[in-house]
Structure formats: C-alpha cells, structure tokens
Amino acid sequence: YVRIGIDVEGVRLWRAYSLTSPTHRQDGRVTITVKAIPDGKVSNHLVRRAKPGTLIQLDQPTGDFVLPQAKPAKVLYLTAGSGITPVMGMLRDTAFDDAVMIHCAPRAQDVIFRDELRGLAGDKRLRLTEVHTDTDGMLDIARLGELVPDWTERETWACGPAGLLDAAEKHWSEHGVPERLHTERFRPSVVATGDGGEVTFSATGKTVEADGATPLLDIGEEAGVLMPSGCRMGICFGCVTPLKAGAVRDLRTGEITEAEPGVLIQTCVSAAAGPCDIER
Ligand SMILES: Cc1cc2nc3c(=O)[nH]c(=O)nc-3n(C[C@H](O)[C@H](O)[C@H](O)COP(=O)(O)OP(=O)(O)OC[C@H]3O[C@@H](n4cnc5c(N)ncnc54)[C@H](O)[C@@H]3O)c2cc1C
Ligand code: FES
C-alpha cells in the first residue's frame, strides 16, 4: 500500500490505499481505487471532489500483503467489498496456472472491477465465484470446502471486513494451515471501549474531551494538533507518542497502559481511559 496525503478543507490528511496497478505499468503511473465510506473524510473527498491536477503527497510503498518471489502452484483469493483492491494489484501483475477467487459483495453491480474479473474468468485465467450477500447470504467460511475442495493446499490472500478475516484466521488455524493464509485489514478490530476523559496535548497546549472509543490520533487531528501517523491501524508504529500522564486503552485488546517515564503509545489504536496527557 501507499499512503497519500491530501488537503481536505485546509488540513493535510494521510490515508493508506492499496496499489491496484501492476508493478511495471507502461506509463509509469500507479493507481489506487477508493471506495467512499459514509462520513469518510478522505475517501469522499477523493471520490467526489478531487479534480485532475490536485496535488497529492505520496509516501513510499510498504506492507507485507504481497506475492512471494517463488510462485505458488495454487492460489486462492478470498475478498469482500473494497478488499478486492490489493488483490486486483496482484491479479494485474502475476498470472497463475491455478488461481481461484471467492469475492463477496452485496449485489452483482457492487462488485468493484466486475468486468475485468469476469474477463479474467472468461479467459480461464481465474476461477471466479461471486457471492452476492443480499441474495446468497454471508459467506459461511465453515462451508468453504464446498466451493474450493482443495483450499488447504492453496496459498491464500484474504482481504475484507474484520468478520470475514477473523473467521478465516480461525478456520485456517483449526485446519492446521495458518501459514497458508495472508490477510490484509483496512482498519483495526475494536474489541474494547470504555470511559474516556480529558486529553491534554501538552506540547501544543490544547485540552479536549474525548470518548473512550475514538483513537487519540483522530482526537488530536480534530483538535488541530500535528499528529504523526502511518497505517492508522496499529501495524506500522508511525504514530507512537509518549504518554506523559494518565492512562489509555488499547482498542484492540482492552489493555490499559498507564503513564510512566519512557512509555510510548500507538495513538491510532489507543483511546483515553480517564484523563491523560499526550506529548504532542
Ligand atoms: C493497508 C491498508 C490498505 C487500504 N487500502 C484501501 C483501498 O485500496 N481502498 C479503499 O477504499 N480503502 C483502503 N483502505 C482504507 C483507507 O485507508 C481509509 O481508511 C478509508 O478510505 C476511510 O478513510 P476516510 O478518511 O474516508 O474515513 P475517516 O474519516 O477516517 O473515518 C470515518 C468513519 O468511518 C470509519 N471507517 C474508517 N475506515 C473505514 C473502512 N475502511 N471501512 C468502513 N468504515 C471505516 C471510521 O471508524 C469513522 O467512523 C486501506 C487501509 C489500509 C490500512
Ligand atoms: S499509524 Fe500505524 S501503528 Fe499507528
């Protein structure tokens, strides 16, 4: 993925987007594919308001959701919604002799890259199963074997909502093949929230009220504090910041971290757990 930075209403915001273009595109450009999500600041700006000529900041690509150098004999892509994007980059890059894709979307017309996927399937470069969840219901991972009998033998790349990925991780582990499954998440799985508190950004001299569910990264940005960030989902450590006082909750685990000298927190997955002071 690459992070892009774009000015939205005068504030530079950074978000991660998967590369959907092949590695050696002839015109040297890269593409990203953005789905506008309800109330999403950057995604709606990019989809509805950004115009050709808009200056966009581009970070170095990073991430480990990539194909290996040595081609696996059999591949399975398990995707849902906008989770198709990193896999589209792979499909456009590398052809496999035996590639299967299960893609979920509410309806046929919601399938991103639908014509291209069907074209690959028509050329026998991909065995494609579309699950239209409005009519077919959600994909039941326990019944994956009915769609792909040899799924345990396939190197699998999965990207989609947390429910699908959590179920897949459990399923692959239960069948003793967790190493065959590679997943990409677009946002952290929030398991624990609690009471918030007053947050002080002592370097900037700002104090705001925060609930116990909103990441301190968002709270700081909203308050106009310059907050470093990266993936915004707890994997890159681009947001670590000293916690000077008080306590924060890790939204992924519920674990509470209390301030002590040298303690750093990931602001993208930490929320206030009572009053706290963040050194920004
Ligand atoms: C590695 C990686 C790759 C990604 N690749 C893509 C991609 O190829 N295409 C793409 O469209 N997006 C992708 N994303 C998601 C993208 O980075 C943004 O999170 C997304 O565009 C929402 O940003 P926003 O500013 O519009 O929403 P925000 O203003 O940040 O959030 C608005 C609200 O939506 C919720 N929210 C945030 N993200 C999501 C989400 N993904 N789905 C549903 N609700 C959400 C927030 O909790 C908040 O309540 C990727 C994320 C990661 C970490
Ligand atoms: S921004 Fe990547 S870990 Fe917080």
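Notes on the structure in this doc start here. Values in this document were obtained by computation on a predicted structure and should not be read as measured data. (Residues numbered from 1 in each chain as written. Chains lettered and ligands numbered in written order. Predicted model: local features only at pLDDT ≥ 70, side-chain atom pairs only at ≥ 80, totals over all residues. Heavy atoms only, no water.)

### Looking at the side chain of Arg154
How we decide: Under the DSSP-based scheme used, a helix requires at least four consecutive residues in state H or I and a strand at least two consecutive residues in state E, with every element numbered from the N terminus. In the analysis that follows, any N or O atom pair within 3.5 Å is treated as a polar contact, provided that within protein one partner can donate a hydrogen and the other can accept it, and provided that, for residues neighboring in sequence, both atoms belong to side chains. Note on contacts: a residue pair is in contact if any heavy atoms of the two residues lie within 4.5 Å.
Of note, Arg154 is situated in the loop between α5 (144–147) and β7 (155–159). A polar atom in the side chain of Arg154 sits 2.9 Å from the side chain of Asp98. If sequence neighbours within four positions are ignored, Arg154 has contacts with Lys74, Val75, Leu76, Asp98, Ala99, Val100, Arg127, Val148 and Arg180.

### Some thoughts on the pattern of salt bridges
Once their charged atoms are close, side chains differing in charge can pair, the charge on each being opposite to the other. Basically, it comes down to this: Salt bridge criterion: a side-chain nitrogen from Lys or Arg within 4 Å of a carboxyl oxygen from Asp or Glu. Per-residue accessibility, obtained with a 1.4 Å probe over protein chains only, is compared with the maximum for each type, and a residue is labelled buried under 20%, exposed over 50%, and partly exposed between these values.
Applying the stated criterion to the full structure yields 19 salt bridges. Glu146 is the salt-bridge partner of Arg143, the closest N and O atoms lying 3.0 Å from each other. One salt bridge connects Arg232 with Asp218, and the closest N-O pair in it is separated by 2.9 Å. One end of the pair, Arg232, is in the loop between α7 (216–222) and β11 (240–250); the other, Asp218, is in helix α7, and 14 residues separate them in sequence. Assessed through its relative accessible area of 14%, Arg232 is described here as buried. Residue class for Asp218 comes out partly exposed when judged on its relative accessible area of 31%. Each member of the salt-bridge network shares a partner with another, and the members are Lys74, Asp98, Asp150, Glu153 and Arg154.

### Some points on the environment of Met90
Tracing the sequence through the fold places Met90 in helix α2 (residues 84–93). On the basis of relative accessibility, which here comes to 5%, the residue Met90 falls in the buried class. Every residue in contact with Met90, bar those within four places of it in the chain, is listed here: Phe65, Val66, Leu67, Tyr77 and Trp157.

### Describing the side chain of Arg15
Our working rule: His is not counted, nor are the chain ends, whereas Lys and Arg count as positive and Asp and Glu as negative.
Structurally, the position occupied by Arg15 is in strand β2 (residues 11–17). Buried Arg15, no salt bridge; nearest opposite-charge side chain is Glu221, N-O distance 4.6 Å. Among residues more than four places away in sequence, those in contact with Arg15 are Val2, Arg3, Ile4, Lys41, Val42 and Arg232.

### Overview of unusual backbone geometry
Phi is positive for Glu9, close to 50°, though the residue is something other than glycine. Within the fold, Glu9 resides in the loop between β1 (2–8) and β2. Looking at Glu9, the relative accessible area reads 75%, which means it is exposed. You will see that Asp39, though not glycine, has its phi angle at about 65°, which is positive.

### Overview of the site of ligand 1
This is how it is decided: Nearness is defined per residue: one heavy atom within 4 Å of the molecule or strand is enough. Residue burial considers only the protein chains on display, and all accessible areas are found by Shrake-Rupley using a 1.4 Å probe. Each residue is assigned to one class: nonpolar for Ala, Val, Leu, Ile, Met, Phe, Trp, Tyr, Cys and Pro, charged for Asp, Glu, Lys and Arg, and polar for all the others, Gly among them.
Within the structure, ligand 1 sits among 21 residues, and Arg15, Ala16, Tyr17, Ser43 and Arg187 are positioned closest to it. One of the side-chain N or O atoms of Thr85 is found 2.7 Å from an oxygen atom in ligand 1. Protein chains bury 78% of the 900 Å² of accessible surface belonging to ligand 1 in isolation. Mapped onto the shell around ligand 1, the elements with two or more residues apiece are β2 and α1 (41–49). Of the residues belonging to the shell around ligand 1, the class tally is 9 nonpolar, 5 polar and 7 charged.

Limitation: the analysis is restricted to geometry and does not speak to function.
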